[in-house]
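Chain by chain, the residues:
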Amino acid sequence: MQQLTHPQTLKDRLAELIPGEQENVKNLRTEHGNKKICEVTLDQVYTGMRGIIGLVWEGSVLDSEEGIRFRGKTIPECQQILPKAPGGQEPLPEGLFWLLLTGEVPSEQQVRDLSAEWAARAELPSYIGELIDRCPSTLHPMAQFSLAVTALEGESTFSKAYEKGINKKEYWIYTFEDSMNLIAKVPGIAARIYRNLFRDGKVADIQKDKDYSFNLANMLGFAENKDFVELLRLYLTIHMDHEGGNVSAHATHLIGSALSSPMLSLAAGLNGLAGPLHGLANQEVLRWLVKMKETIGDNVSEKRISDYLWSTLKAGQVVPGYGHAVLRKTDPRYMAQREFALKYLPEDPMFKLVSQVYKIAPRVLAEHGKTKNPYPNVDAHSGVLLQYYGLTESNYYTVLFGVSRALGVLPQLIWDRALGMSLERPKSFSTEMYKKIVKKL
């Protein structure tokens, strides 16, 4: 009788891949290290380093016209090829995590094993639960989330190993272990915050035979609705990674470059995600839409919506959910959510309002003339989907974004340590110095 071989674990596969990639990077730098690949303008210096090429990010590349590709694959391609839950139609985020880390599409068995491994690592230390429970209800959910992730530093295998003294070649191993533990534990942290603030404070136990998204939905209290679980699988997948230059990704990478643990690095990324110009925008979108609905009522005509858009702009405010630092077309992540809505909630009044805004806002913003990209981004849609299924607390939405983003930024942190990436330390000048520099040009 032929003996069945067990699928290769993620850590084992990564250990096989790292030496080849180390050699690849070494050869690339040896042959081309002195070549210039970017010219920087003074405007870029004063506008947040916008468009300056200066980071390595293996998992994804964002094109202004095409949108995001994860290891070369578009969102629709990922939806098609990544493993799904039994009876499900949306990709499991476990599969995209594997793809981001290895560049390979995992098998269904490998994804099931990864789900089981995360479930086995999910238990929270008692002091983390006590810390969350002691947070005042007035403290924003993202602040509670960041606080709890920072406190997990006490569990960091990387920090403990570094203190004892380890070879640099082993940094990635401990970073991997911390990252796997972090990913496993953040749903429990997120759920405890939600249940404390908005429900009865009780959190369901992890079901070790279920996937990551199901367990998060179950701990939040929404797993009885299979469509919501499917939404969460899609949500966690498409919010996971968006190149290295966004604030949460860059902050995680920057702090990690100081050899801070994955816990401290991710907490920094979460603090960036909590900004209104980044992840917090998803709660601002829903509040803006609700206020619009209250103002215009059921009359979602083109004129009423157009007038409301102009009133927002004339008040010196932005239209939340529209525009993007890089994209110059509709965000593919928006389209993935729109397709989900067309399938599961086509008659929902709020979705119809979002659809109307989608038809009208680009024209108004283009006419206004101060928005480089008048098309919707990912935040323009997510809140409407979540509220449809009863998760109506908009100031919690960024926490879900944070759970997803953890799965996207930690693979790069593992590769940063495997490839021996340096401390990030760009050069800065004063305005007076820049004046002197440009006068010589």
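Residues numbered from 1 in each chain as written. Predicted model: local features only at pLDDT ≥ 70, side-chain atom pairs only at ≥ 80, totals over all residues. Heavy atoms only, no water.

Examining the overall build of the protein
Across its full length, the protein holds 20 helices and 2 strands. Its C-alpha atoms give the protein a radius of gyration of 22 Å, near enough to 22 Å, the size a compact globule of 441 residues would have. With respect to the three principal axes, the spread of C-alpha positions in the protein is 65 × 65 × 50 Å. Within the protein, buried positions represent 51% of all 441 residues. In the protein, once contacts between residues fewer than 6 apart in sequence are set aside, the share between residues at least 24 apart is 76%. Accessible surface for the protein amounts to roughly 21,300 Å². Of this, 52% is attributable to carbon and sulfur atoms. Side-chain charges of the protein comprise 51 positive and 51 negative groups, with the mean position of each set lying 6 Å from the other. (Helix = DSSP H or I, 4+ residues; strand = E, 2+ residues; numbered from the N terminus. Rg over C-alpha atoms; globule rule 2.2 N^0.38 Å. Buried < 20%, exposed > 50% of the residue type's maximum accessible area, 1.4 Å probe, protein only. Contact = heavy atoms within 4.5 Å. Areas by Shrake-Rupley, 256 points an atom, 1.4 Å probe, with all protein chains shown as cover. Lys, Arg positive; Asp, Glu negative; His and termini not counted. Charge placed at Lys NZ, Arg CZ, Asp CG, Glu CD.)

Concerning empty space enclosed by the protein
A full pass over the atoms with the stated rule returns 5 cavities of 30 Å³ or more. Around the largest cavity, the lining residues are Ser-115, Trp-118, Ala-119, Ala-122, Ala-184, Pro-187, Ile-206, Asp-211, Tyr-212 and Asn-215. Listed by contribution, the elements that provide at least two residues to the lining of the largest cavity are helix H5 (108-120), helix H9 (171-198) and helix H10 (212-220). In terms of residue class, the lining of the largest cavity is made up of 7 nonpolar, 2 polar and 1 charged. If you add up the space inside the second largest cavity, you get close to 50 Å³. In terms of lining, the second largest cavity is formed by Val-285, Trp-288, Leu-289, Pro-320, Tyr-322, Val-354, Val-357 and Ala-380. Contributing elements (two or more residues each) for the lining of the second largest cavity: helix H14 (281-296) and helix H17 (349-368). It is H14 that provides the largest number of residues to the lining of the second largest cavity, a total of 3 residues. Partitioning the lining of the second largest cavity into residue classes produces 8 nonpolar, no polar and no charged. (1 Å grid on protein atoms, 1.4 Å probe; cavity = no way out; pocket = protein on both sides within 12 Å on 5 of 7 lines; lining within 4 Å. Points joined across faces, edges and corners; volume = space filled by probe spheres on them. Nonpolar A, V, L, I, M, F, W, Y, C, P; charged D, E, K, R; others polar.)

A few points about the side chain of Glu-177
Topologically, Glu-177 is positioned in helix H9. Leaving out residues up to four positions away in the same chain, Glu-177 has contacts with Lys-11, Arg-121 and Thr-157.

What about helix H18 (residues 379-388)?
In terms of burial, H18 is a largely internal element, 9 of the 10 residues being buried. Turning to H18, its buried residues are Asp-379, Ala-380, His-381, Ser-382, Gly-383, Val-384, Leu-385, Leu-386 and Gln-387. Where H18 terminates, the next one or two residues include Gly-390, which has phi positive at roughly 100 degrees.

Quick notes on the pattern of salt bridges
Close approach of charged atoms allows side chains of opposite charge to pair. Tallied over the full model, the rule gives 19 salt bridges. Two residues, Arg-121 and Glu-177, come together in a salt bridge whose shortest N-O distance is 3.0 Å. Remark: Glu-177 occurs in helix H9 and Arg-121 occurs in the loop between H5 and helix H6 (126-134); sequence separation between them is 56 residues. Like Arg-121, the residue Glu-177 is buried in the burial classification. The shortest N-O distance in the salt bridge between Lys-303 and Asp-307 comes to 2.8 Å. Taken as a pair, Lys-303 and Asp-307 lie in helix H15 (residues 302-314) at a separation of 4 residues, close to a single helical turn. Residue classification places Asp-307 among the partly exposed positions, given a relative accessible area of 38%. (Salt bridge = Lys/Arg side-chain N within 4 Å of Asp/Glu carboxyl O.)

As for the packing of H10 against helix H11 (residues 226-238)
Running from N to C, H10 and H11 point in directions that differ by 120 degrees, and their axes come no closer than 9 Å. Considered as vectors, H10 and H11 are oriented oblique to each other. Remark: the crossing between H10 and H11 carries right-handed chirality. Seen from H10, the contacting residues are Tyr-212, Ser-213, Phe-214, Leu-216 and Ala-217; seen from H11, they are Phe-228, Val-229, Leu-232, Arg-233 and Leu-236. (Axes fitted to C-alpha atoms, helices over the stretch in contact; angles between N-to-C directions. Parallel < 35°, antiparallel > 145°, perpendicular 65-115°, else oblique. Left-handed = near helix turned anticlockwise from the far one by under 90°.)

Points about the nonpolar core
In this structure, Phe-145, Ile-189 and Leu-391 are the most contacted members of the largest nonpolar core, which totals 112 residues. Not counting the four nearest positions on each side in its chain, Leu-391 is found in contact with Tyr-194, Leu-220, Phe-222, Phe-228, Leu-386, Tyr-396, Tyr-397 and Leu-400. (Core = buried A, V, L, I, M, F, W, Y, C linked by side-chain atoms within 4.5 Å.)

Examining the layout of surface pockets
A volume near 500 Å³ is recorded for the second largest pocket. Considering the residues around the second largest pocket, the lining is formed by 25 residues, among which Ala-85, Pro-86, Lys-210, Asp-211 and Arg-233 are closest to the centre. Only H5 and H11 provide two or more residues apiece to the lining of the second largest pocket. With 5 residues, the top contributor of residues to the lining of the second largest pocket is H5.

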